[in-house]
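Residues per chain are reported as follows:
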Amino acid sequence: QVQLVESGGGLVQAGGSLRLSCAASGSIFSIYTMGWYRQAPGNQRELVATITKDGSTNYAHSVKGRFIISRDNAKNTVYLQMNSLEPEDTAVYYCNINILAGTVWGQGTLVTVSS
């Protein structure tokens, strides 16, 4: 069984920064794509950023240039550095990994950006 533990969410003022972490543990042989998604109240879950095993990244247009996704394959961990945060970034952020057995989701961590 694979588990994801997310951390780093919280309350920050607009213009500030936060760094999210997501560590995977359990029966993991190889992690393919890792990513972050978010869901604001009343909205559908949306992609924020993904990163492949070899480091290729993809970002939502709304966060490009402000957020940076990275991963440490030795630690089975993915990070999301969020800079220049805006109130519109307020959401529950979910970690997601793709392994041979399928897709695994984290429990979510709340990010609140005050204006």
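That block above? That's the structure.
**Some remarks on the overall build of the chain**
So, point 1. The secondary structure content of the chain amounts to zero helices and eleven strands.
So, point 2. The order of helices and strands in the chain, counted from the N terminus, is β-β-β-β-β-β-β-β-β-β-β.
So, point 3. Computed over its C-alpha atoms, the radius of gyration of the chain comes to 13 Å, within 12% of the 13 Å expected for a compact globule of 115 residues.
So, point 4. On the principal axes, the C-alpha backbone points of the chain span a range of 45 × 25 × 20 Å.
So, point 5. Restricting to contacts in the chain with at least 6 residues of sequence separation, those with at least 24 account for 53%.
So, point 6. For the chain, the accessible surface area stands at approximately 6,100 Å², while carbon and sulfur atoms represent 49% of it.
So, point 7. Taken as two groups, the 8 positive and 7 negative side-chain charges of the chain have centres that lie 6 Å from each other.

**Quick notes on the packing of aromatic side chains**
The geometry of an aromatic ring pair is captured by two quantities: the separation of the ring centres and the angle between the planes.
So, point 1. Evaluation of the coordinates by the stated rule reveals one aromatic pair.
So, point 2. Aromatic side chains Y37 and W105 sit 5.0 Å apart centroid to centroid with 65° between the ring planes, which places their arrangement in the edge-to-face category. Highlighted residues: Y37 in strand 4 (residues 31-39) and W105 in strand 10 (residues 102-105), separated in sequence by 68 residues.
So, point 3. Lying across the ring of Y94, R45 places its NZ or CZ 3.7 Å from the centre.

The rules behind these values
- Residues numbered from 1 in each chain as written.
- Predicted model: local features only at pLDDT ≥ 70, side-chain atom pairs only at ≥ 80, totals over all residues.
- Heavy atoms only, no water.
- Helix = DSSP H or I, 4+ residues; strand = E, 2+ residues; numbered from the N terminus.
- Rg over C-alpha atoms; globule rule 2.2 N^0.38 Å.
- Contact = heavy atoms within 4.5 Å.
- Areas by Shrake-Rupley, 256 points an atom, 1.4 Å probe, with all protein chains shown as cover.
- Lys, Arg positive; Asp, Glu negative; His and termini not counted.
- Charge placed at Lys NZ, Arg CZ, Asp CG, Glu CD.
- Phe/Tyr/Trp six-rings, centres within 6.5 Å; stacked < 30°, edge-to-face > 60°.
- Lys NZ or Arg CZ within 6 Å of the ring centre and 35° of its normal.

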